[in-house]
Structure formats: C-alpha cells, structure tokens
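Close look at the chain arrangement
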Amino acid sequence: MPYVSNKRVVLVTGGSRGIGFGVAKALAHANMNVVINGRRDASEVADALAELESLGTEAFYCQADIAELDDHTQLLSAIRERFGRLDVLVNNAGVAPDVRADLLDAEPDSFDRLIRINLRGPYFLTQAAAKWMINQRQAGADFQAAIVNVSSVSATEASVNRGDYCISKAGVAMATQLWAARLGEFGIPVYEVRPGVIRTDMTAGVADKYNQLFAKGLTVEPRWGTPDDIGRAVAVLATGQLTYATGAVLPIDGGLTLRRL
Ligand code: NAP
C-alpha cells in the first residue's frame with residue numbers, strides 16, 4: 001500500500017523565498033505538509049526547508065521550472081510518490097521584468113517571458129493539479145481542496161513601464177475566474193490573493209522609490225507589506241475558513257487600491 005500523508009498537503013510554487021516562503025510557513029503552522037519548488041538547486045534551499053521542518057511540517061523541495069509543462073508532470077509525480085495526495089495548490093512563483101521599459105520601447109522577449117512564467121505556467125499547472133484533485137474528491141467526499149492564485153495589484157493598476165507584468169497578472173485574475181467557474185461542480189474553490197507592494201527580493205531594486213511613495217501616502221497603512229501578511233491571507237483560504245466564496249479576490253495591499261477622495 002503506498003504511503004498517503006495523513007496531513008493535508010499543499011504545493012506552494014516558488015515557496016523557498018519571498019512571498020512563497022511566507023505562505024509556506026503559514027501553511028506549516030496550519031498543520032499541512034508543504035511542498036515547495038523553484039528553479040534553484042536543492043542545495044540552495046536547505047535553510048528554507050530546515051526552517052519549515054522546525055515548524056513541524058514534512059517539507060519537500062522539488063526543482064521544477066513553472067514555465068515548463070514537462071516539469072509540471074515531474075513535480076506532481078514527485079508529490080504523488082512522496083505524499084500520495086495534493087489538497088491545495090498555491091500558484092505563487094512569478095517574475096518581474098528584468099528591465100522595466102516604457103510601453104513605447106518594450107521588447108517582445110520580455111513580454112513572452114512574463115506570460116510564460118506568470119500566466120501560462122500556472123494556468124496549465126492548475127489544469128494538471130485540478131484533474132488530480134477531482135479524482136481525489138471522487139474517491140472521498142471529505143477531501144477538501146483549494147487553489148489560490150497570487151496575482152498583484154498590477155492586475156488592475158496600469159504601470160506603463162511594465163505592461164508585460166500587468167498583463168500577465170490581469171491574465172491570472174481571469175484565470176482565477178475561469179477555474180473557479182469550471183471547478184465549482186467538483187467542490188474545489190479557486191481564489192485570488194492580490195498583494196500590494198511587498199518587501200522581497202523582487203522589490204529590492206525599487207526599495208528607495210517605494211519608501212518615498214509610502215511616505216507620500218501610497219497606501220492607507222503606511223508600510224511595506226510582508227510575506228507573512230500574504231501567508232496569513234492564504235492560510236485563511238487554504239484551511240477552508242472563507243466559505244461560499246469561490247472566485248473571491250482578497251486585496252492584501254494596505255489600502256493601496258482603496259479609492260480615496
Ligand atoms: P521573489 O522574491 O523574486 O521570489 C520568486 C519566487 O518564484 C522564487 O522562489 C523563485 O524561485 C520562484 N520562481 C520564479 N520563476 C520561477 C520559475 N520559472 N519556476 C519556478 N519557480 C520560479 O518574488 P516575490 O516578491 O516573493 O513574488 C512572489 C509572487 O508574488 C510573484 O508571482 C509576484 O509576481 C507576486 N507579487 C509580488 C509583489 C511584491 O511586491 N513583491 C507584489 C505583488 C505580487 P527561485 O528561488 O528558484 O528563483
């Protein structure tokens with residue numbers, strides 16, 4: 001008989017650092033076994049795994065590029081082998097443009113890269129994971145799945161120096177609606193968490209700019225967001241505490257997108 005984890009199992013893509021690590025820690029605290037993936041070699045994420053293990057989770061790392069659909073198959077097979085189940089998928093892995101470029105000058109290569117990693121990858125990973133979740137649900141009605149997409153305020157806020165990123169995140173917002181609509185009949189809710197400006201490696205290069213913007217009132221809550229802020233929100237969704245709400249969008253942005261007069 002193959003081993004099946006008695007704890008719920010979550011895959012947090014890009015879970016070894018930044019927002020994904022905050023989410024992974026929150027879900028370890030919520031008594032789930034946590035799988036993380038990334039492009040880096042396993043030797044580079046040993047500290048992250050050890051920290052997760054210290055929270056009582058059986059943490060598992062799988063090197064897999066979210067943009068490569070073959071890697072999805074490998075990733076899900078590895079989870080099947082290790083834990084025998086997948087309850088929650090958090091599509092977090094994503095990238096910013098290498099160079100921010102004005103819409104009038106931006107290159108198609110950057111556009112293609114962002115769409116492949118931020119949108120196409122998670123869209124098809126969701127497809128593959130959903131099929132497995134449907135099977136698990138059909139095998140046991142108490143199986144409670146959830147899918148959470150990490151988008152961005154850039155899904156709605158137009159930044160003309162990174163149109164590629166904004167479009168990829170607007171696509172993630174629609175993908176959330178689509179998958180929520182498709183998976184409802186199987187009892188699998190799909191949610192979107194929409195972070196504002198969060199202190200991670202991704203924003204390190206623009207820290208001065210945002211420090212000034214916070215001082216000028218960019219957000220209602222005058223501070224950087226943290227990976228833990230996002231982790232808490234995802235934990236609420238992943239543990240089924242927000243009911244009758246599939247397709248819901250949770251802005252975790254300190255009021256950045258709050259309309260003010
Ligand atoms: P980060 O610190 O740069 O971390 C990105 C993570 O994604 C890393 O774990 C990285 O893995 C992984 N990743 C990137 N490309 C990948 C690929 N092709 N395949 C597999 N894994 C990949 O970024 P972050 O700030 O935590 O952002 C996480 C998510 O939140 C992204 O989707 C981002 O768009 C979104 N977001 C961020 C902010 C913000 O202000 N930081 C705001 C809104 C939304 P490696 O470690 O192996 O490279």
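Higher on the page you've got the structure.
Let us look at the structure shown here.

Quick notes on the rules
Residues numbered from 1 in each chain as written. Predicted model: local features only at pLDDT ≥ 70, side-chain atom pairs only at ≥ 80, totals over all residues. Heavy atoms only, no water. Core = buried A, V, L, I, M, F, W, Y, C linked by side-chain atoms within 4.5 Å. Buried < 20%, exposed > 50% of the residue type's maximum accessible area, 1.4 Å probe, protein only. Helix = DSSP H or I, 4+ residues; strand = E, 2+ residues; numbered from the N terminus. Contact = heavy atoms within 4.5 Å. Axes fitted to C-alpha atoms, helices over the stretch in contact; angles between N-to-C directions. Left-handed = near helix turned anticlockwise from the far one by under 90°. Nonpolar A, V, L, I, M, F, W, Y, C, P; charged D, E, K, R; others polar. Phe/Tyr/Trp six-rings, centres within 6.5 Å; stacked < 30°, edge-to-face > 60°. Lys NZ or Arg CZ within 6 Å of the ring centre and 35° of its normal.

Brief notes about the nonpolar core
- By size, the foremost hydrophobic cluster in this structure holds 36 residues, and its most contacted members are L11, I79, L86, M133, L183 and I188.
- Of all the secondary-structure elements, those providing two or more residues to this core are β1 (9–13), β3 (60–63), α3 (69–83), α4 (108–139) and α5 (163–183).
- Of all the elements, α4 adds the most residues to this core, at eight residues.
- Among residues more than four places away in sequence, those in contact with L11 are V35, N37, L75, L76, I79, L86, V88, L89, V90 and L125.
- Ranked by size, the runner-up nonpolar core spans 32 residues in total, among them V23, L27, V148 and V234.

Some words on the packing of α3 against α4
- Relative orientation of the contacting elements α3 and α4 amounts to 35°, with a least axis distance of 10 Å. In this structure, α3 meets α4 at a crossing whose hand is right-handed. Where α3 approaches α4, its residues L69, H72, L76, I79 and R80 are matched on the opposing element by R120, G121, F124, L125, A128, A129 and W132.
- Looking at the contact of α3 with α4 residue by residue, the classes come out as eight nonpolar, two polar and two charged.

Some remarks on the packing of aromatic side chains
- Using the criterion set out here, one finds six aromatic pairs in the structure.
- Seen from their ring centres, F60 and F83 are 6.2 Å apart, and the 85° between their planes marks the pair as edge-to-face. Here F60 is found in strand β3, whereas its partner F83 is found in helix α3, with 23 residues between them in sequence.
- Where Y123 meets W179, the ring centres are 5.6 Å apart and the plane angle is 50°; that geometry is what we call tilted. On the criterion of sequence distance, the pair formed by Y123 in helix α4 and W179 in helix α5 is long-range, its members being 56 residues apart.
- What links up through ring pairs into an aromatic cluster is the set Y123, F124 and W179.
- Seen from the ring of W132, R80 lies directly overhead, with NZ or CZ sitting 4.3 Å from the centre.
- It is R199 that lies over the ring of W224; its NZ or CZ is 4.5 Å from the centre.

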